[in-house]
Amino acid sequence: MKGRSMLPLGLMLVLIVALGAYTATRQSAFLGKENLNALLLEAMPLILVSLGQAVALLVGGFDVSVAALMTMVVVTASFTLTPTTSGIALVPGVLALVGVGVATGLFNAFLIRGLRLPSIVATLGTLSILEGASLWLRGYPTGAINTDVTSALTSAWGFVPIAFVGVVLLAVLGDLGLYRSRTGLGLRAVGLDETSSRRLGMSTGRTIVLAFVVCSVMATIGGFYLAAEVQIGSPIIGNQALESIAAAVLGGASLAGGRGSFVGTLLAAFFLTEIDNILPLFQQPTEYADMAIGALILLALLLYQSPVLVARFRGSRRTVEPAEASTG
Amino acid sequence: MSNPGPVTPDVLRARGLSKAFGAVQALSDVSVDCRAGEIHALVGENGSGKSTLLGIASGFLAPDEGTVEIGGTRLDRHSPAAARRLGLGIAYQDYSHVLDLSVAENVYLAAPADQRPSYGHMQSWAEETLAGFKVDVPVTAVTGALSLAERQLLEVVKALLARPNVLLLDEPTTALGPDAVEQLHSLVLEQAKAGVGIVYVSHRLPEVLAVADRVTVLRDGVGQGTFEAASVDEDAIVALMIGRPLKVAFPERPTLPADAEVVLAVSGFQGERFGPVDLEVRKGEILGIAGAEGNGQVPFLRALAGAEHATGTASCDGARIDTRTPAGSLRAGVVLLSGDRKGEALFPVMSVRANATIQIIRRLARLGVVRRSRERQAMAELVDRLRVRMASSEQPVSSLSGGNQQKVSLISSFLRGDVKVILAEEPTQGVDVGARFDIYEALRAKSEEGVAAVVKSSDPLELSGLCDRVVVMSRGRIVEEIPRHELGERRIVEAIVGSRAGRGAGNGADA
C-alpha cells in the first residue's frame, strides 16, 4: 500500500503469535476457549479507545481525556442502565451515554480549535473535569449495571465475541478508507500539513473537530465494554489513556500526525492486553508487564524510524519511492 | 499581448485594501484590477505588501478594510475554498504541497471535486495531467524529494487545475533557472491567451516585464500607480520602488586598512537552500548581504552559525569552524544574532539581566552560586553604552520594545568577549528609528575592535549606510558584489531586481 509502512502490522502480528505460542507451550489453559474468549473481551475497551486515539493522532493531536471519559460512561451507565429497566426502556439510557461522549468530543474540539489550546493541555483539563464528575456521582464503586445490555454486548459465536469481529472489520475498513479513498487522503493531508491543506481548499477545522468527536465516541463505546466487564458504577476504572496512545503508536501512528494504521492499532492494543492477560498465568507481578511494555514501545519506535535515521545520518534527502506494482 | 483593454472585463477587482499586522501597516488603501487575458505585474521591495495583497485576494487573509471581487462576485467569506469556487487559482511562494505525500496525491488533492477521477485511477490521471502542462516530474515520487524548481512548477500546475479565471503567481521563479523560467512563461502566456487574468508578483523586473501587460508598483504598503508595461522603463519602476522619505543616520565608516587580515573565510559552503558560497570578511569590516527574501541569505547565515546543515569549509582566524552544531560555531567565535529574536535569540519571559548574562553565567559564579551584583556589574557598562531603555534590569525582556530587545541580545553576545565574527540577521527589524542608530553604532564599534560582521538585511538603505561592502544573493548564490564606493540604495535595489545584471549579461528585457 502506498505511503505507508507495513512494518508495524508485521511486528505486532509476530509478537502476538510468538507470545501466544510460548505461553501455550507452558500453560495449556491459555489456548482454552474460555481463556481466549476472556482475552478477546478484555481487549475490547482498549482496542476501541485506541482506534479512536489513532484518529486524534492522525490529525496531529492527542486525547488524554479518553480514560476519564470511559470511567464517566461506566458511572453514568450505573444510573441510566439500572438492572430494573428492560427492553425499549434501555434506549434512552444508551443514548444518554452516547450524548456524554459526543459532548465531551465537542468540548475538546472547542478547546483545541476554538480556543487554540494545545490538544494535550486541553484534554488534560477535560480529564480532570470528568474524573471529578465521576467521583462526585459515585464516591465508591456501587450501582449495578443492567445485565441485558452487558450480555448483549458480549455475545459470541463460539469463543469469538461478535463485537470482536466487528472491530476487526471496522479497522480493516478504516485502513482501506484511510489509504484508498479521497476522504482518507484528505485526513492524512490535514495531519501532515495543515497550512497546505487549507490552501488547497480543505476545511481543516471541520476535519479536526470531527476527529476529536470520533475519538470520544470510540472511547464511549469502549466505556460500554468496560461497563460490561465490571458491571458496577466504579469511579476509578478507566486507565487506558497512555495505553491507547502507546497502542496507536505501536500500530504505526506518528505523534506529528498524518500517519497511522487502524489494523496496526488493533493488533497493538490486543498485544498489550495479551501481556496483561498472560503474566498472572505465570504468577508474575504486573510490574514486569509495565516495564516490558515500556521497553517494547521504545524498541518498536526505534525500529519504525530506522530508515529515516539512516537517511539522516547520510545527510541525504529522502529517496524517491520506486513506482509500485499494481495495488489492486 | 494585445488586448482591447477597455472592453475586457475585470476578473479580479481589489478595492481599498488595508491590513495591519500588529503595529506594522502592511497595506494601506491599495486597489488593483486584473482584466481577463491580461498579465498584471505586481512589483515592490521586500515588505512592500505584495504577499499580503495576494493573501487577501486569495481569501487566506481577511483585510481590515476593503473588498475583493472575483469574476464580478464579491468575496465575502474569507476562506481559500470560497475564493477558489469563484474562479481564483493561486501559486504560493512557499507552496501548498503536503511534502510527505506523493506528487500524484498532491495533484489529486488540488483538483476540484468534479475533475478528480476515482481514487484508484489517481496515478495515471496525474501523469496525464502533468504531461498536459508539459511538466516532467515522476508522479510516484514523494513531493519532499523534488527539487525546489520542480516544486515551484508543480505549484503553478496545481493552481491551474481548477481552470481559474484569475491566476495569482507569488514569486513563481525564485527557484527556477533560465530554462525553467522560459517554460513557466510560455505556460503563463498560453493561459493569458485563453483569457485567464494573471497577477504576477515578482522582484525580478526584467523577467516579469518581458511578459507583463500592465505593472502596479507597491512601496511600504502603498500603491504607487499602475502603468502600461510598454510605456514605462525599468529605471522609472525602480525609482518608484525606492525613495523612502525617512532619514536615518549612520555611524562614521573608518577606512579599512588595505592589509586587514581575513577573519571569516568561507569556501564551497553549501546547504540545501543555498550555495556554493565563497566569501571572505576582513577584520573590522561590515559585510552586507542583500537579496530578495527566500534566496538563501538566512539559511547561509544559520549554517555558518551551526544551526543548519551544510557542506564545504568555513574558517575563523585560520581555524576551521565546526558548523555541525551551534556550540561548535560559538567555540570558534562566531555569534548569530537571529532575526527571530523571541524564538531564538532571547528567553522572552526571563529578565533583562538573565538574558544579558546567560552566556557567561559561569564566570559570574563563585562556588557555583551566581551573585546578582556581579551580574549587574558585568552588564552595566554595555547597558549604558547601548542606551538600553528599561525600568529595571529585572523586568522580563519581552516587555521591552523591539529595539531594546535587540540591544539586550547584542549585550549577551558582546559579553562573551571571545567574539570574532558577528552574523546579524535583520538587526533592525521591528526597531524604531532612534534605537536603530544605537544598534548601528554598537556594530560599528565592535567592528573597530577587530570583529568581522556580516549583516543580512532586506533594507537596501540600511545596507548602503552601514556596510563596507555588500554582496547580493540570488537563488542561493552570490551574484554580485558591490564595493564601498558604489554603495547606494538604488544600486542595491537594481542589483536585487536584476536589472543591471540582466543588462550586463545581454539578456535584459528592454535594455
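In this text the structure is predicted, and so the values were computed from the model without any measurement. (Residues numbered from 1 in each chain as written. Chains lettered and ligands numbered in written order. Predicted model: local features only at pLDDT ≥ 70, side-chain atom pairs only at ≥ 80, totals over all residues.)

Next up on the list: the overall build of chain B. When you go through chain B residue by residue, the secondary structure sums to 18 helices and 22 strands. Burial analysis of chain B (511 residues in total) assigns 51% to the buried set. In chain B, the proportion of contacts linking residues at least 24 apart, taken out of those at least 6 apart, comes to 68%. (Helix = DSSP H or I, 4+ residues; strand = E, 2+ residues; numbered from the N terminus. Buried ≥ 20, exposed ≤ 12 C-beta atoms within 10 Å, placed from the backbone. Contact = placed C-beta atoms within 7 Å.)

Looking only at helices and strands, chain A features 13 helices and 2 strands. Scaling as 2.2 N^0.38, a compact globule of 328 residues should have a C-alpha radius of gyration of about 20 Å, and chain A matches this with 20 Å. The principal-axis extents of the C-alpha atoms in chain A amount to approximately 65 × 55 × 35 Å. Relative to its 328 residues, chain A shows a buried fraction of 45%. (Rg over C-alpha atoms; globule rule 2.2 N^0.38 Å.)

Residue and element names in this part refer to chain B. When strand 9 (residues 214-219) meets strand 10 (residues 222-228), the two strands line up antiparallel, connected through 5 bridges. Each residue of the ladder has a partner; that of R214, found in strand 10, is E228. The loop that links strand 9 with its antiparallel partner strand 10 comprises 2 residues; one of these, D220, has a positive phi angle of about 50°. (Pairing = 2+ DSSP bridges.)

All names here are of chain A. In the contact formed by helix 1 (residues 7-26) and helix 12 (residues 262-278), the axes pass within 9 Å of each other and the chain directions differ by 25°. One way to sum up the angle between helix 1 and helix 12 is to call them roughly parallel. The hand of the helix 1/helix 12 crossing is left-handed. From helix 1, P8, L9, M12, L13, L15, I16, L19, G20 and T23 reach across to helix 12, where they touch V263, G264, L267, A268, F270, F271, E274 and I278. For the contact of helix 1 with helix 12, the residue count by class is 13 nonpolar, 3 polar and 1 charged. (Axes fitted to C-alpha atoms, helices over the stretch in contact; angles between N-to-C directions. Parallel < 35°, antiparallel > 145°, perpendicular 65-115°, else oblique. Left-handed = near helix turned anticlockwise from the far one by under 90°. Nonpolar A, V, L, I, M, F, W, Y, C, P; charged D, E, K, R; others polar.)

This part covers the interface of chain B and chain A. In this assembly, 25 residues from chain B lie in contact with 26 residues from chain A. Residue assignment for the side of chain B that touches chain A shows that the elements contributing at least two residues are helix 2 (80-85) and helix 3 (103-110) of chain B. The dominant element in the side of chain B that touches chain A, judged by the number of residues it contributes, is helix 3 of chain B, at 4 residues. Considering only residue class, the side of chain B that touches chain A consists of 15 nonpolar, 6 polar and 4 charged.

Residue and element names in this part refer to chain B. With 5 of 6 residues buried, strand 21 (residues 469-474) lies mostly within the body of the structure. Pairing analysis gives 4 bridges linking strand 13 (residues 286-290) to strand 21, with the strands arranged parallel. When the sheet's bridge partners are listed, L287 is paired in strand 21 with R469. Here strand 21 runs beside strand 22 (residues 477-482); their pairing, made up of 5 bridges, is antiparallel. Paired with S474 across the bridge in strand 22 is R477.

A turn of α-helix holds 3.6 residues, and therefore any two residues three or four places apart point the same way. Residues and elements named next belong to chain B. Its 16 residues place the ends of helix 6 (residues 178-193) 22 Å apart at the C-alpha level, agreeing with the 22 Å of an ideal helix rising 1.5 Å per residue. On its buried side, helix 6 packs onto strand 3 (39-43), helix 5 (148-160), strand 7 (166-170), strand 8 (197-201) and helix 7 (205-211). Just past helix 6, the residue G195 takes up positive phi, approximately 100°. (Expected span 1.5 Å × (residues − 1).)

For the rest of this paragraph, the subject is the domain arrangement of chain B. Residue and element names in this part refer to chain B. Domain boundaries assigned for chain B yield domain 1 (5-241) and domain 2 (262-345 + 418-504). Computed from C-alpha atoms alone, the centre-to-centre distance between domain 1 and domain 2 is 31 Å. Each side of the interface is counted separately: domain 1 has 13 residues, and domain 2 has 14 residues. Among the elements of the structure, helix 7 and helix 8 (234-241) are those that each provide at least two residues to the side of domain 1 that touches domain 2. Each residue belonging to the side of domain 1 that touches domain 2 can be placed in one class, and the counts come to 5 nonpolar, 5 polar and 3 charged. (Domains from an automatic or database assignment.)

Now for the sheet that holds strand 21 of chain B. All names here are of chain B. Read across the open sheet, the 6 strands follow the order 16-19-20-13-21-22; overall the sheet is mixed. With partners counted over all chains shown, the strands left at the sheet margins are strand 16 (334-337) and strand 22, one partner each. With strand direction ignored, the average angle separating the axes of adjacent strands in the sheet is 20°. Here helix 17 (residues 489-497) sits on the sheet in contact with strand 13, strand 21 and strand 22, set at roughly 155° to strand 22.

Turning our eyes to something else, we now look at unusual backbone geometry. Between G275 of chain B and the following residue, P276 of chain B, the backbone shows a cis peptide bond with an omega angle of 0°. Here P276 of chain B is to be found in strand 12 (residues 274-282). For Q231 of chain A, which is not a glycine, the phi torsion comes out positive at approximately 60°. Inspection of the secondary structure puts Q231 of chain A in the loop between helix 10 (204-230) and helix 11 (241-250). Overall, Q231 of chain A belongs to the partly exposed group, with 18 C-beta atoms counted inside 10 Å. The backbone of D220 of chain B shows a phi angle near 50°, a positive value even though the residue is not glycine. If you trace the backbone, D220 of chain B turns up in the loop between strand 9 and strand 10. By the C-beta count within 10 Å, which is 18 here, D220 of chain B ends up partly exposed.

Residues and elements named next belong to chain B. Per-residue confidence for chain B gives a mean pLDDT of 87; residues scoring 70 or more make up 94%. Of the regions scoring below 50 in pLDDT, residues 1-5 engages in 9 contacts with residues more than four places distant in sequence or in other chains. Low pLDDT, under 50, characterises residues 500-511; the predicted model gives this stretch 17 contacts beyond four residues in sequence or across chains. Confidence estimates for the predicted assembly give a pTM of 0.75 and an ipTM of 0.82. (pLDDT = per-residue confidence, 0-100.)

A few words on helix 1 of chain A. An ideal rise of 1.5 Å per residue puts 28 Å on 20 residues; helix 1 of chain A measures up with 29 Å between its terminal C-alpha atoms. Within the sequence span of helix 1 of chain A, burial applies to P8, L9, L11, M12 and T23 of chain A.

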